[in-house]
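As a plain string of letters, each chain reads:
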Amino acid sequence: MAEQMSTFLTVVGGGPGGYAAAFHAADLGLEVTLVDTEPNPGGTCLYRGCIPSKALLHVAKLINDTREAAEWGLEFGEPKMDLEKVRRKTRSVVEQMTGGLGQLCRARGLNHIQGRAGFLDSNTLAVFHNDGSEIVLKTQHTIIASGSRPTLFGPLINSPRLMNSTSALQMEEIPETLLVIGGGYIGLELGSVYASLGSKVTVVEMADGLLAGADRDLVKPLHARLQTLMHEILLGTKVSGMKEEKHGIRVTLEGPAVGELSRLFDRVLVCVGRRPNSSGLNLSSTGVTVNKKGFIEVDAQRRTSDPAIFAVGDVAGEPMLAHKASAEGRVAASVIAGKPAAFEPQAIPAVVFTDPELAWCGLTESAAAAAGRTVHVTRFPWAASGRATTLSRSDGLTKLLTDPDTGQILGVGICGAGAGELIAEGVLAIEMGATAGDLDLTIHPHPTLSETVMESAAALFGLSTHIYRPKRG
Ligand code: NAD
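No experiment lies behind these values; they were computed from the predicted model shown.

Every α-helix winds through 3.6 residues per turn, so residues three or four apart in the chain are directed the same way. Counting buried positions along helix α13 (residues 451-458) gives 8 out of 8 residues, so the element sits mostly inside the fold. Among the residues of α13, Glu451, Thr452, Val453, Met454, Glu455, Ser456, Ala457 and Ala458 are the ones counted as buried. Buried residues along α13 sit against β20 (376-381), β21 (397-402), β22 (409-416), α11 (419-431) and α12 (436-441).

This is how it looks when you write it as structure tokens:
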């Protein structure tokens, strides 16, 4: 006989969407039960995504920095790598962060159940533990935050040499040759890690450019540097076949640069997108609507079409980004607590943690063009930044999109070292309805990369101090 429990709010999924929702709801005084398959909250982001990949990107940066020190007269030998220690340190980062979330759960008096939840009806969930035992949980409200999983890929084979983002993060080995399928966020981040650690990395991207959502002028400096790090980047290229052989995976590539080519790789990493985890929750026993792409349909308050159920994060639609999930989670929790709240951001930042980093928020130039919207675009090349030059990183670019009539900032894009940190100013500017004049008049510390944001605003008036581009007309 299954154990029976009841709670006011159940949050299904303990990733950045789920735990942010659960913590916020508890902070607002609600009685909360968080159900997740792991012993502590964290989800894909902490266990198999953002956090371990950033730890490994830090290792890659240490290696690259020592290599590039030569131009400053500092010579280091080739790094000796203890892969087991890299793995251990990465694991300890993950354990520290997830353990901390576990403590925060307990401090807030949250009920955390380790198990897999499925709906019996709109107000009842069955939670199965790993040992097969079951809890039947009566709940007034549920927030679904079940996340996403890697998309499977056409000519897949069953081989231990074939990796997805999860297995690639385990760093079983540094293969001599690695094929990365997909030139998006994961392909470029993890491809960069393996290339820095010594693999000969080939990236194949089906589209005719890397990172489809980003403006081309911002991708350009990244592409240029990646070309020096990777063995090859093949655009407009697809994988038409894969076969396991004794010494690797034989892959057939088809594209303009290679024609039809067969090549052997030690390992292949597939990162062609992610899809929402909406199946497996038995949503058919509820009034929740799932669209053709598998996303749960939600309104601005993150309500589903079932009055008792809300959904946030990757399962509730693009962009599949942790910080978007957390913001949605807090909205859903607030609404359930009876507070006026809606998810209506003016700008959701996107950051690709490559070297250089690529970050943007608000309107992009390509989205403006697609919508037939006229915008003013100003750019500040980092070659004119003192700070970038002291860092030997004048390969960056900061750009601003403004409304031609009001000067209001509509979009900010940055490619360069630390762009992921810099973009927050752009998000704030857009959310506050700031104009280019506001940014221009805001004193930025010197010498910092943040000055490039101020100078790109000044450039709108032809008044940037460190570039000479007088205003036309
Ligand atoms: P993605 O959508 O970023 O990129 C997938 C790429 O694969 C696309 O460029 C696509 O054109 C290409 N592609 C698709 N099918 C292909 C094929 N058959 N052959 C060659 N190329 C093919 O997806 P991802 O990199 O798997 O990441 C998934 C999601 O995870 C992202 O959309 C992002 O939301 C999230 N993520 C974010 C971060 C971050 O915020 N830094 C990091 C990792 C993942």
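Next comes the rest of the description.
Attention shifts here to the packing of helix α3 (residues 50-68) against helix α6 (residues 185-196). Running from amino to carboxyl end, α3 crosses α6 at an angle of 45°, the nearest separation of the two axes being 9 Å. Between α3 and α6, the interaxial angle falls into the category oblique. Here α3 and α6 pass one another in a crossing that is left-handed. On α6, the residues touching Ser53, Lys54, Leu56, Leu57, Ala60, Ile63, Asn64 and Arg67 of α3 are Glu189, Leu190, Ser192, Val193 and Ser196. Grouping the constituent residues of the contact of α3 with α6 by class yields 6 nonpolar, 4 polar and 3 charged.

What follows deals with the site of the ligand. The environment of the ligand is made up of 19 residues, and the closest members are Ile186, Glu205, Gly273, Met320 and Val351. Between the ligand and the protein, one listed contact pairs a nitrogen atom with a backbone N or O atom of Met206 at 3.2 Å. Interatomic distance of 2.7 Å between a backbone N/O atom of Met320 and an oxygen atom of the ligand. When the free accessible area of the ligand is taken as 840 Å², the share hidden by the protein chains comes to 80%. Ranked by residue count, the leading element in the shell around the ligand is α6, at 4 residues. Taken together, the residues of the shell around the ligand break down into 12 nonpolar, 4 polar and 3 charged.

Taken as a whole and assessed by the stated rule, the structure comprises 2 cavities of 30 Å³ or more. Considering the residues around the largest cavity, the lining is formed by 13 residues, among which Asp215, Leu363, Thr364, Val412 and Gly413 are closest to the centre. Mapped onto the lining of the largest cavity, the elements with two or more residues apiece are β19 (357-362), β21 and β22. With 3 residues, the single largest contributor to the lining of the largest cavity is β22. Per-class residue counts for the lining of the largest cavity are 7 nonpolar, 3 polar and 3 charged. Here the lining of the largest cavity spans two domains, and each of domain 2 (162-272) and domain 3 (350-459) adds at least three residues to it. Roughly 50 Å³ of volume is contained in the second largest cavity. Surrounding the second largest cavity, Pro150, Thr151, Asn164, Ser165, Ile186, Val270, Cys271, Val272, Gly273 and Arg274 form its lining. Split by residue class, the lining of the second largest cavity holds 5 nonpolar, 4 polar and 1 charged.

Let's shift gears to the layout of surface pockets. By volume, the second largest pocket amounts to about 660 Å³. As for the second largest pocket, its lining consists of 29 residues, and the residues nearest its centre are Lys61, Asp65, Asp355, Arg393 and Ala417. Contributing elements (two or more residues each) for the lining of the second largest pocket: α3, α6 and α7 (216-229). Considered class by class, the residues forming the lining of the second largest pocket number 10 nonpolar, 9 polar and 10 charged.

Below, the discussion takes up the sheet that holds strand β13 (residues 248-255). Read from one edge of the open sheet, 3 strands run β12-β13-β14, paired in antiparallel fashion. Sheet topology places β12 (238-245) and β14 (259-265) at the edges, where each strand pairs with a single neighbour. Pairwise comparison of adjacent strand axes, ignoring direction, gives a mean angle of 20° for this sheet. In this sheet, β13 lies alongside β12 in antiparallel orientation, the contact comprising 7 bridges. Bridge pairing links Glu244 to Ile249 in β13.

Our focus in this paragraph is the nonpolar core. The tendency in soluble globular proteins is for nonpolar side chains to be buried as a group. Judged by nonpolar contacts, the single largest core of 37 residues is most densely connected at Val201, Leu211, Leu269 and Leu358. The biggest single contributor to this core is α6, with 5 residues. Dropping the residues within four chain positions of it, Val201 is found in contact with Leu178, Val180, Gly191, Tyr194, Ala195, Met230, His231 and Glu232. The next biggest cluster of nonpolar side chains, apart from the first, holds 27 residues, and it includes Ala21, Ile143, Val331 and Phe343.

This next bit is on the domain arrangement of the protein chain. Domain parsing of the protein chain yields domain 1 (3-150 + 275-336), domain 2 (162-272) and domain 3 (350-459). Put simply, the middle of domain 1 and the middle of domain 2, counted by C-alpha atoms, are 28 Å apart. Taken together, the contacts link 18 residues of domain 1 with 18 residues of domain 2. Between domain 1 and domain 2 the total buried area reaches about 1,400 Å² when both faces are included, carbon and sulfur atoms providing 68% of it. Here domain 1 and domain 2 share 2 salt bridges between them. The closest approach of N and O atoms between Lys54 and Glu189, which form a salt bridge, is 2.8 Å. At the junction of domain 1 and domain 2, the tally comes to 5 residue pairs in polar contact (both at pLDDT 80 or more). Where the side of domain 1 that touches domain 2 is concerned, the elements lending two or more residues are α3 and α4 (83-107). The element that contributes the greatest number of residues to the side of domain 1 that touches domain 2 is α3, accounting for 11 residues.

The subject of this paragraph is the packing of aromatic side chains. According to the stated counting rule, one finds 1 aromatic pair in the structure shown. Considering the side-chain rings of Tyr19 and Phe23, the 5.6 Å spacing of their centres and the 50° angle between planes classify their relative orientation as tilted. Residue Tyr19 and its partner Phe23 are both found in helix α1 (residues 16-27); the two are separated by 4 residues, about one turn of the helix. Relative accessible area serves as the criterion here: at 7%, Phe23 is assigned to the buried category.

Rules used throughout
Residues numbered from 1 in each chain as written. Predicted model: local features only at pLDDT ≥ 70, side-chain atom pairs only at ≥ 80, totals over all residues. Heavy atoms only, no water. Buried < 20%, exposed > 50% of the residue type's maximum accessible area, 1.4 Å probe, protein only. Helix = DSSP H or I, 4+ residues; strand = E, 2+ residues; numbered from the N terminus. Contact = heavy atoms within 4.5 Å. Axes fitted to C-alpha atoms, helices over the stretch in contact; angles between N-to-C directions. Parallel < 35°, antiparallel > 145°, perpendicular 65-115°, else oblique. Left-handed = near helix turned anticlockwise from the far one by under 90°. Nonpolar A, V, L, I, M, F, W, Y, C, P; charged D, E, K, R; others polar. Near = heavy atom within 4 Å. Polar contact = N/O pair within 3.5 Å; in protein donor to acceptor, adjacent residues only side chain to side chain. Areas by Shrake-Rupley, 256 points an atom, 1.4 Å probe, with all protein chains shown as cover. 1 Å grid on protein atoms, 1.4 Å probe; cavity = no way out; pocket = protein on both sides within 12 Å on 5 of 7 lines; lining within 4 Å. Points joined across faces, edges and corners; volume = space filled by probe spheres on them. Domains from an automatic or database assignment. Pairing = 2+ DSSP bridges. Core = buried A, V, L, I, M, F, W, Y, C linked by side-chain atoms within 4.5 Å. Buried area = accessible area lost by both parts, 1.4 Å probe. Salt bridge = Lys/Arg side-chain N within 4 Å of Asp/Glu carboxyl O. Phe/Tyr/Trp six-rings, centres within 6.5 Å; stacked < 30°, edge-to-face > 60°.

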